[in-house]
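Remarks on the overall topology
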Amino acid sequence: MSVGRINRYSIVSSEEEGLRLTTMHGMNGFGNGKIHTRRKCRNRFVKKNGQCNVQFANMDDKSQRYMADIFTTCVDIRWRWMLVVFTLVFVISWLAFGLAFWVIALLHGDLDNPAGDDNFTPCVLQVNGFVAAFLFSIETQSTIGYGYRCVTEECPVAVFMVVFQSIVGCIIDCFMIGAIMAKMARPKKRAQTLLFSHNAVIAMRDGKLCLMWRVGNLRKSHIVEAHVRAQLIKPRITDEGEYIPLDQIDINVGFDKGLDRIFLVSPITILHEIDEESPLFGISKQDLETADFEIVVILEGMVEATAMTTQARSSYLASEILWGHRFEPVLFEEKNLYKVDYSHFHKTYEVPSTPRCSAKDMVENKFLMPSSNTFCYENELAFLNRDEEEEEDLGGGSRALANLSPDRNSRHEFERLQTTRALDQRSYRRESEI
């Protein structure tokens, strides 16, 4: 097989233009011309990076509700604001207790004896002003204990304040350290290494029209109990005339058969069979070019390192679904391992034999598909990948044939090796390589 063969299949880019040119026939059947209209791309409900394109407005008692769940608020806010809160909590607590010690010293008369009379016992030694009281507050809460300032038995109120500040300091430490650790250990960042294909495709699979997209894991650590689900979102008007701007319709990805649970070690193509229960049952290729919907895909599972549940999201607009395409293979078997080539993860190739009609028309008209024995592009690419190995084996086999003697017994061995080599050259690659 020649490596320089011209590829019959076109590789499409993973980027799609925001505006697509669609073709419509003339109204009422008059004229042979076609009307070209430019369709505006709808706003995404879920962005490609998984963020929801939703903004809340006119919320009553928003601040009170967020403060009631202060821990979740601290975990959800940005890091810059988290550091500001962390700093302010400690500084405010030091200032508050410093002010309390300063007031105690003022009421006891400690500030009137800065020289330190032998007959006068202050509440806190060496606290002669607000700055000294602030430093004593820091030493108490952080348990530094320089030994220069200390509380005496003269004032029970001062002793109580030291005990109270120690308890409050432990609570603040637990809360802030817990919030920071929870923010650092959030599985949200794990979703950054879970990959979705840029496009979804519609093609035939096992004689049925299917919607497919690809998911992958960029880390060697596994996603435990990984499962996928999908929803179609589009505007709808009910029978009573009510307009629903974002109607969510579930898309079956094999839940009833357990196919939604995947072992995500290598990239996997998720499949939705377009049958009578599918919301895409009546959509043809021409309908897809003018359709207004969005398919939200979700991958969920537990992070192996932390056992916390993570969720990765993406979406496909109608303009990002390629009719009559398949994904290029990314998994290849080498000598002692399987190799995943992520350079082909987002690439697709065109399958001209894909019917352009809808799955509904295929069922009603009993559309006949071409023979399943047609040599497909995956087989061609797999054979290209194995050519080099076969060429090396051919070189070794030729040398073995040259060393055989021309007598009668060796002639039979010669014919056997020749037949075996011819069969090996035409043997098919295993399913895992295709």
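Residues numbered from 1 in each chain as written. Predicted model: local features only at pLDDT ≥ 70, side-chain atom pairs only at ≥ 80, totals over all residues. Heavy atoms only, no water.

Description of the side chain of threonine 348
- Along the chain, threonine 348 falls in strand E15 (residues 348–350).
- The exposure class assigned to threonine 348 is buried, which follows from its relative accessible area of 1%.
- A polar contact is formed between the side chain of threonine 348 and the side chain of histidine 325, at a distance of 3.4 Å. (Helix = DSSP H or I, 4+ residues; strand = E, 2+ residues; numbered from the N terminus. Buried < 20%, exposed > 50% of the residue type's maximum accessible area, 1.4 Å probe, protein only. Polar contact = N/O pair within 3.5 Å; in protein donor to acceptor, adjacent residues only side chain to side chain.)

Thoughts on helix H5 (residues 156–184)
- Between the first and last C-alpha of H5 there are 42 Å, a value that for 29 residues agrees with the 42 Å anticipated at 1.5 Å per step.
- Looking only at H5, the buried set comprises Ala158, Met161, Val162, Gln165, Gly169, Ile172, Met176, Ala179, Ile180 and Lys183.
- Tucked into the core, H5 has its buried residues touching helix H2 (70–76), helix H3 (79–108) and helix H4 (130–141). (Expected span 1.5 Å × (residues − 1). Contact = heavy atoms within 4.5 Å.)

Details of the side chain of threonine 354
- Its place among the elements puts threonine 354 in the loop between E15 and helix H7 (359–365).
- Engagement of the side chain of threonine 354 in a polar contact is seen with the backbone oxygen of valine 351, the distance being 3.1 Å.
- Ignoring anything within four residues of it in the chain, the contact list for threonine 354 reads Ile202, Ala203, Leu209, Trp323 and Gly324.

Observations regarding the packing of aromatic side chains
- Tallied over the full model, the rule gives 8 aromatic pairs.
- Note on phenylalanine 71 and phenylalanine 175: the rings are 5.8 Å apart at their centroids and 75° apart in plane angle, and the pair reads as edge-to-face. Note that phenylalanine 71 is positioned in helix H2 and phenylalanine 175 in helix H5, a separation of 104 residues in sequence.
- Given a relative accessible area of 30%, phenylalanine 175 falls into the partly exposed group.
- Residues phenylalanine 90 and tryptophan 94 carry aromatic rings whose centres are separated by 6.0 Å and whose planes lie at 45° to one another, so their mutual orientation is tilted. Here the residue phenylalanine 90 and the residue tryptophan 94 both occupy positions in helix H3, the gap between them amounting to 4 residues, near one helical turn.
- Relative accessible area serves as the criterion here: at 12%, phenylalanine 90 is assigned to the buried category.
- Look at tryptophan 94 and you get partly exposed, because its relative accessible area is 22%.
- A connected cluster of aromatic rings, assembled from ring pairs, spans Phe86, Phe90 and Trp94. (Phe/Tyr/Trp six-rings, centres within 6.5 Å; stacked < 30°, edge-to-face > 60°.)

Looking at the pattern of salt bridges
- Summed over all chains, the structure comprises 8 salt bridges.
- Close ionic contact of lysine 208 with glutamate 273 constitutes a salt bridge, the shortest N to O distance being 3.2 Å. Linking lysine 208 in strand E5 (residues 208–217) with glutamate 273 in strand E8 (residues 268–273), this pair joins segments that are 65 residues apart in sequence.
- Across the salt bridge formed by aspartate 247 and arginine 236, the nearest N and O atoms sit 2.7 Å from each other. Taken as a pair, aspartate 247 in strand E7 (residues 243–251) and arginine 236 in strand E6 (residues 223–237) lie far apart in primary sequence, 11 residues in all.
- Judged by relative accessible area, which is 34%, arginine 236 ranks as partly exposed.
- Each of the salt bridges in this network shares a partner with another, and the network as a whole consists of Arg44, Lys48 and Glu320. (Salt bridge = Lys/Arg side-chain N within 4 Å of Asp/Glu carboxyl O.)

A short note on the sheet that holds strand E10 (residues 309–317)
- Within the open sheet, the 4 strands sit side by side as E7-E6-E9-E10. Their pairing is antiparallel. Each of the sheet's edge strands pairs with one partner strand only, and the pair in question is E7 and E10. The mean inter-strand angle of the sheet, taken between neighbouring strand axes irrespective of direction, is 25°.
- Strand direction decides the pairing type here: E6 and strand E9 (residues 294–303), joined by 9 bridges, are antiparallel. (Pairing = 2+ DSSP bridges. Axes fitted to C-alpha atoms, helices over the stretch in contact; angles between N-to-C directions.)

Looking at the pairing of E9
- E9 sits mainly inside the fold: 9 of its 10 residues count as buried.
- Sheet topology note: the E9/E10 ladder contains 9 bridges and is antiparallel. Its bridge partner lying in E10, isoleucine 298 is registered against arginine 313.
- Between the antiparallel neighbours E9 and E10 lie 5 residues, among them alanine 307 with a positive phi of about 60°.

A closer look at the state of the cysteines
- In this structure the tally under the stated criterion is 1 disulfide.
- Covalently, cysteine 123 is tied to cysteine 155 through a disulfide, its sulfur atoms 1.6 Å apart. With the S-S bond torsion at -50°, the cross-link from cysteine 123 to cysteine 155 turns out left-handed. With cysteine 123 in the loop between H3 and H4 and cysteine 155 in the loop between H4 and H5, the pair connects residues that are 32 residues apart, well separated along the chain. With respect to burial, cysteine 123 and cysteine 155 carry one shared label: buried. (Disulfide = S-S within 2.5 Å.)

Section: H4
- An ideal rise of 1.5 Å per residue puts 16 Å on 12 residues; H4 measures up with 16 Å between its terminal C-alpha atoms.
- Within H4, the full set of buried residues consists of Ala132, Ala133, Phe136, Ser137, Ile138, Glu139, Thr140 and Gln141.
- Contact partners of the buried residues in H4: H3 and H5.
- Positive backbone phi, at 55°, marks threonine 143, one or two positions downstream of H4.

Some details on the packing of H3 against H4
- One way to put it is that H3 packs onto H4 with a least axis distance of 8 Å and a crossing angle of 125°. Judged on the interaxial angle alone, H4 and H3 are oblique. When the axes of H3 and H4 are compared, the crossing they make is right-handed. Contacts from Phe90, Ser93, Trp94, Leu95, Phe97, Gly98, Leu99, Phe101 and Trp102 of H3 reach H4 at Phe130, Ala133, Phe134, Phe136, Ser137, Ile138 and Gln141.
- Class assignment for the residues of the contact of H3 with H4 results in 12 nonpolar, 4 polar and no charged. (Parallel < 35°, antiparallel > 145°, perpendicular 65-115°, else oblique. Left-handed = near helix turned anticlockwise from the far one by under 90°. Nonpolar A, V, L, I, M, F, W, Y, C, P; charged D, E, K, R; others polar.)

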